[in-house]
Amino acid sequence: MDGEKAFIGYEPVAKGSGYTRPAVMLEFGARSTGEPSELRPVWCDAADHVTGVIFPTASPRVMRPERTFWEKATAVHVFCEHGEFRGGDRFARHWHDLTRLDQAGIADAAIADHALALAVARHKSVFFAEKSSSGGAIDYEIAVSGGLRLVPVGAALESLSTDYGEMVEDGLLLGDAEPFDELLAQCQRLQERVNRATIG
């Protein structure tokens, strides 16, 4: 245990570069609302490949993907404004996730729900206040009202490129990875689309 976090270690079946640690982190705390939420079916990936075994299924209540989109988009925005993540390394996944949420149509649904975007921005302003590289407070409401940044520059861009390369090399994306430049091009197009739709 580490404050609001519990870490469960496991013995990996394969070892890569060390980018992906053999542990699962469970986070408990009051800083996330978890809303809006819905019931979603969950099943084991191995079920389609193993005969003679009945795997359990569940239908937990989970946060809707539209909120996940805004949570990740604002986290990426903070990185672009500040130049680093509070949690350290292994952050390139957020850019990958945003492009996949976009391809699944989730981004369009999230963009259309400006009330949800504002709710995320106001919640983060209270529980996840951050400063830009110049020391000023990052305004989350600007991020969801026409001023979203998804593409970093300078040293932050180099750091993201390195992190993405290590993530791909370690096999975290299971072959579902485009070149870094294409990932950024997708994020640039998404940024422009979001800002056109949400500008006040």
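Here we summarise the structure given alongside this text. Bear in mind that the values here come from a model prediction, so they are computed numbers and not experimental data.

Looking now at the overall build of the chain. Within the chain one finds seven helices and four strands. Listing every helix and strand of the chain by position from the N terminus yields β-β-β-β-α-α-α-α-α-α-α. Radius of gyration (C-alpha) of the chain: 18 Å, near the 16 Å computed for a compact globule of 200 residues. Once the C-alpha set of the chain is aligned to its principal axes, its extents read approximately 55 × 35 × 35 Å. Counting every position in the chain, which comprises 200 residues, the buried fraction comes to 34%. In the chain, once contacts between residues fewer than 6 apart in sequence are set aside, the share between residues at least 24 apart is 67%. About 11,800 Å² of surface is accessible on the chain, with carbon and sulfur atoms providing 55% of the total. On the chain, the mean spot of the 20 positive side-chain charges and the mean spot of the 30 negative ones are 4 Å from each other.

Ranked by size, the top nonpolar core spans 42 residues in total, and within it Phe69, Trp70, Trp95, Leu150 and Leu160 carry the most contacts. For this core, the element with the most residues is helix α1 (residues 65-82), which contributes eight residues. Residue contacts for tryptophan 70: discarding those within four places in its chain leaves Ala110, Ile111, Asp113, Leu116, Ala117, Val120, Val144, Val194 and Thr198.

It is worth spelling out the layout of surface pockets at this point. Taken as a whole, the second largest pocket holds about 230 Å³ of empty space. What lines the second largest pocket is simply Tyr10, Pro12, Ala14, Lys15, Gly16, Gly18, Thr20, Arg21, Pro22, Asp170, Gly171 and Leu172.

Let's shift gears to the state of the cysteines. Disulfide: a covalent bond connecting the sulfur atoms of a pair of cysteines. This model, assessed by the stated rule, comprises zero disulfides. Cysteine 187 takes part in no disulfide bond, and the closest cysteine sulfur to it belongs to cysteine 80, at a distance of 8.8 Å.

Moving on, we get to the packing of α1 against helix α2 (residues 93-103). With their axes 10 Å apart at the nearest point, α1 and α2 run at an angle of 140° to one another. Classified by the interaxial angle, the pair formed by α1 and α2 is oblique. Where α1 crosses over α2, the handedness of that crossing is left-handed. Of the residues in α2, those touching α1 at Pro65, Thr68, Phe69, Lys72, Ala73, Val76 and Phe79 are His94, Trp95, Asp97, Leu98 and Leu101. Looking at the contact of α1 with α2 residue by residue, the classes come out as eight nonpolar, two polar and two charged.

A positive phi is found at leucine 174, a non-glycine position, where the angle reads about 50°. With respect to the element layout, leucine 174 can be found in the loop between α6 (154-169) and α7 (180-198). For leucine 174, a relative accessible area of 78% puts it in the exposed group.

Okay, the packing of aromatic side chains next. Throughout the structure, instances matching the rule amount to five aromatic pairs. Centroid distance phenylalanine 79 to tryptophan 95: 5.3 Å. Interplanar angle 85°. Geometry classified as edge-to-face. Of this pair, phenylalanine 79 sits in helix α1 while tryptophan 95 sits in helix α2; the two residues are 16 residues apart in sequence, bridging distant segments of the chain. The same class applies to phenylalanine 79 as to tryptophan 95, namely buried. On the basis of an interplanar angle of 45° and a centroid distance of 5.7 Å, the ring pair of tyrosine 164 and phenylalanine 180 is categorised as tilted. Taken together, the residues span a long stretch of sequence, with tyrosine 164 in helix α6 and phenylalanine 180 in helix α7 at a distance of 16 residues. Since its relative accessible area comes to 3%, tyrosine 164 is described here as buried. An aromatic cluster of at least three residues, connected via ring pairs, comprises Phe79, Phe91 and Trp95.

Going through the model one piece at a time under the given rule, you end up with 13 salt bridges. Between glutamate 141 and arginine 122 there is a salt bridge, and its shortest N-O distance comes to 3.2 Å. Here arginine 122 lies in helix α4 (residues 114-127) and glutamate 141 lies in helix α5 (residues 140-143), a separation of 19 residues in the sequence. Using a relative accessible area of 46% as the deciding quantity, one classes arginine 122 as partly exposed. The salt bridge partner of arginine 189 is glutamate 182, with a shortest N-O separation of 3.4 Å. One network of salt bridges, with partners in common, ties together Glu38, Arg40, Arg64 and Glu66.

Cut-off values and rules
- Residues numbered from 1 in each chain as written.
- Predicted model: local features only at pLDDT ≥ 70, side-chain atom pairs only at ≥ 80, totals over all residues.
- Heavy atoms only, no water.
- Helix = DSSP H or I, 4+ residues; strand = E, 2+ residues; numbered from the N terminus.
- Rg over C-alpha atoms; globule rule 2.2 N^0.38 Å.
- Buried < 20%, exposed > 50% of the residue type's maximum accessible area, 1.4 Å probe, protein only.
- Contact = heavy atoms within 4.5 Å.
- Areas by Shrake-Rupley, 256 points an atom, 1.4 Å probe, with all protein chains shown as cover.
- Lys, Arg positive; Asp, Glu negative; His and termini not counted.
- Charge placed at Lys NZ, Arg CZ, Asp CG, Glu CD.
- Core = buried A, V, L, I, M, F, W, Y, C linked by side-chain atoms within 4.5 Å.
- 1 Å grid on protein atoms, 1.4 Å probe; cavity = no way out; pocket = protein on both sides within 12 Å on 5 of 7 lines; lining within 4 Å.
- Points joined across faces, edges and corners; volume = space filled by probe spheres on them.
- Disulfide = S-S within 2.5 Å.
- Axes fitted to C-alpha atoms, helices over the stretch in contact; angles between N-to-C directions.
- Parallel < 35°, antiparallel > 145°, perpendicular 65-115°, else oblique.
- Left-handed = near helix turned anticlockwise from the far one by under 90°.
- Nonpolar A, V, L, I, M, F, W, Y, C, P; charged D, E, K, R; others polar.
- Phe/Tyr/Trp six-rings, centres within 6.5 Å; stacked < 30°, edge-to-face > 60°.
- Salt bridge = Lys/Arg side-chain N within 4 Å of Asp/Glu carboxyl O.

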